[in-house]
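Results of the structural survey
Take a look at the letters that make up each chain.
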Amino acid sequence: MDFGINADFTIGSHPDHATALRVAMEEVDLAEEMGLDTVWLGEMHFNPNRSVLSAPIVIASSIATRTKNLRVGMAVQVLPLIHPLRIAEEAATVDQLSEGRFEFGIGRSGNVRAYDIMGIDYGESRERFQEALDIILMAWSGETFSYEGKYNTITNATLSPLPYTDPHPKVRIAASSDDSFGRIGRLGQPIFLGLRAMDVEDLKNNLEDYKSEWDAAGHPTEGGDINVRFPIYIAPSESEAIEEPRDSIEAFFNRQRELFEYSLGRAGVAAPERRRERYEKLKNSTYEDLLQTRVVFGSPEQVIDRIHEFKEMLGVTGITAELNPGGFLPKEAVHRSLKLLTEEVMPAFK
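For the structure given in this document, a descriptive report is provided here. Keep in mind it's a predicted model, so treat the numbers as computed, not measured.

Moving on, we get to the pairing of strand S5 (residues 102–107). With 6 of its 6 residues buried, S5 lies for the most part within the structure. Taking every second residue as pointing to the same face, both faces of S5 are buried, with Phe-102, Phe-104 and Ile-106 on one and Glu-103, Gly-105 and Gly-107 on the other. Sheet topology places strand S3 (residues 71–74) next to S5; 2 bridges connect them, and they run parallel. Paired with Gly-73 across the two strands is Glu-103, which belongs to S5. Taken together, the 2 bridges between strand S4 (residues 77–78) and S5 define a ladder with parallel strand orientation. The residue of S5 that forms the bridge with Val-78 is Gly-107. What joins S4 to S5 is helix H3 (residues 84–97), and the crossover it makes is right-handed.

Right, dumping it as C-alpha cells:
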C-alpha cells in the first residue's frame, strides 16, 4: 500500500506567506527523511487566508529537486483552468527532474468559485477536462499532432521535453460525482478520492461501480487502483488524538460546507438532488459524526485498525493523509503525527 500525505501549504496562524511556504517544505523534508512514499499537492486559487498552493506544478518541481526518494503527485491539477499544452510541458519537465517520481493526478475540482473568478463557465468543465486530457496524452506521444476541438485548436505541436516515464507518468483521475466512478473504471484509470463531499459509505457504494467496470473491461490488477485522501491525526493516546485536532478539523469542514453551498444548483454540478442531500448531511454532522465517517484519529494501534477496515471495505491501494487540513495545528503536533504514521503505522502494511 502506498502511503502519502497531502501537503496543503496552509497559512493557518503563520504570520506571512514566506513562513507558510518554509514550514510546508520542512514537512516535505521530514517526509523524505522518514521514508514516506508520496507527497500530494492540491491546487487552491484565491484563498489568501487559507493556502499558498496556487501553483502546485512549481512546488512539485522544487520537491523533485530537493528529494531523492519521495514521489510527488498532483491531487489534483485542475485541467480546465490551464492550457493543456502548457501543463503537458510542465508535467513532463517535473517527471524528468524527478527521474520518474511523478504522478499526474487530474480533475475538474468542485471549487466553482475559482472558475467564476477566472471567467470560465463551470458548466463547460466536463468537456474542457476531456479535451485537455486527450491533448496531453497526444502530446506525450512525442508525435507532431494537430487538434480541433470545441475549446482548443492546436496546429503541428511537438512536445519537448517528453516525460521521463515511458510512455508517460501515471494519470490518476479524481472522482467526486456518482457518475464518474464507472467511467473511470471502464477506462482503466487509477482513481483518487476524498472524504469531503462523500463519506465512507458513499465511497463504498460508488466504488462498486468503479471495480465492476474495471474488471468487466479486463484491465490488469483486479479491482483497480484506488487512493483515498482523508484527515489523519495520530497521537500517543486516543484522548490526545481526539481532542487536539478538534478546532482545526471543525474549521476545515466548515470551509467544506461553504464551498459545497456555493456550488449548489450550478450548471456542471452532477446529480443536484443527490448533491444537496450530501450537503445537508455534512451541514448537520457533529464532531462525533465526523470521527465516525470522514476522519481517522487515534493512537497508532487504532489508526492501523481503521486503515485495515478501509482496505477491506473500499479496496484501497493507497492512502493519503491530510495531517493538518484546518491549518491550525502547531508544527510540532503535525511532525509528531507524521513520525507516528511512518514509524508505527506504515510498517503494518508493508
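Okay, the packing of helix H6 (residues 178–187) against helix H7 (residues 200–216) next. Contact geometry of H6 with H7 gives a least axis separation of 6 Å together with a crossing angle of 25°. Accordingly, the angle class assigned to the pair H6 and H7 is roughly parallel. In this structure, H6 crosses over H7, and the sense of that crossing is right-handed. Across the interface between the two elements, Asp-178, Phe-181, Gly-182, Ile-184, Gly-185 and Arg-186 from H6 touch Leu-203, Asn-206, Leu-207, Asp-209, Tyr-210, Glu-213 and Trp-214 from H7. A breakdown of the residues in the contact of H6 with H7 according to their chemical character gives 6 nonpolar, 3 polar and 4 charged.

With that settled, the discussion passes to the packing of aromatic side chains. Under the counting rule described, the total for this entry stands at 10 aromatic pairs. Plain terms: the ring middles of Phe-102 and Phe-104 are 6.2 Å apart, the flat faces sit at 40° to each other, and that makes the pair tilted. No difference in accessibility class separates Phe-102 from Phe-104, as the two residues are buried. Arranged with centres 5.4 Å apart and planes meeting at 65°, the rings of Phe-104 and Trp-140 form a pair that is edge-to-face. With a gap of 36 residues between them, Phe-104 in strand S5 and Trp-140 in helix H5 (residues 125–140) connect regions that are remote in the sequence. Residues Phe-104 and Trp-140 agree in their burial class; the two are buried. In textbook terms, an aromatic cluster arises when at least three aromatic residues are bridged by ring pairs, as seen for Phe-102, Phe-104 and Trp-140.

About the criteria used
- Residues numbered from 1 in each chain as written.
- Predicted model: local features only at pLDDT ≥ 70, side-chain atom pairs only at ≥ 80, totals over all residues.
- Heavy atoms only, no water.
- Buried < 20%, exposed > 50% of the residue type's maximum accessible area, 1.4 Å probe, protein only.
- Helix = DSSP H or I, 4+ residues; strand = E, 2+ residues; numbered from the N terminus.
- Pairing = 2+ DSSP bridges.
- Right-handed = clockwise from strand over helix to strand, strands pointing away.
- Axes fitted to C-alpha atoms, helices over the stretch in contact; angles between N-to-C directions.
- Parallel < 35°, antiparallel > 145°, perpendicular 65-115°, else oblique.
- Left-handed = near helix turned anticlockwise from the far one by under 90°.
- Contact = heavy atoms within 4.5 Å.
- Nonpolar A, V, L, I, M, F, W, Y, C, P; charged D, E, K, R; others polar.
- Phe/Tyr/Trp six-rings, centres within 6.5 Å; stacked < 30°, edge-to-face > 60°.

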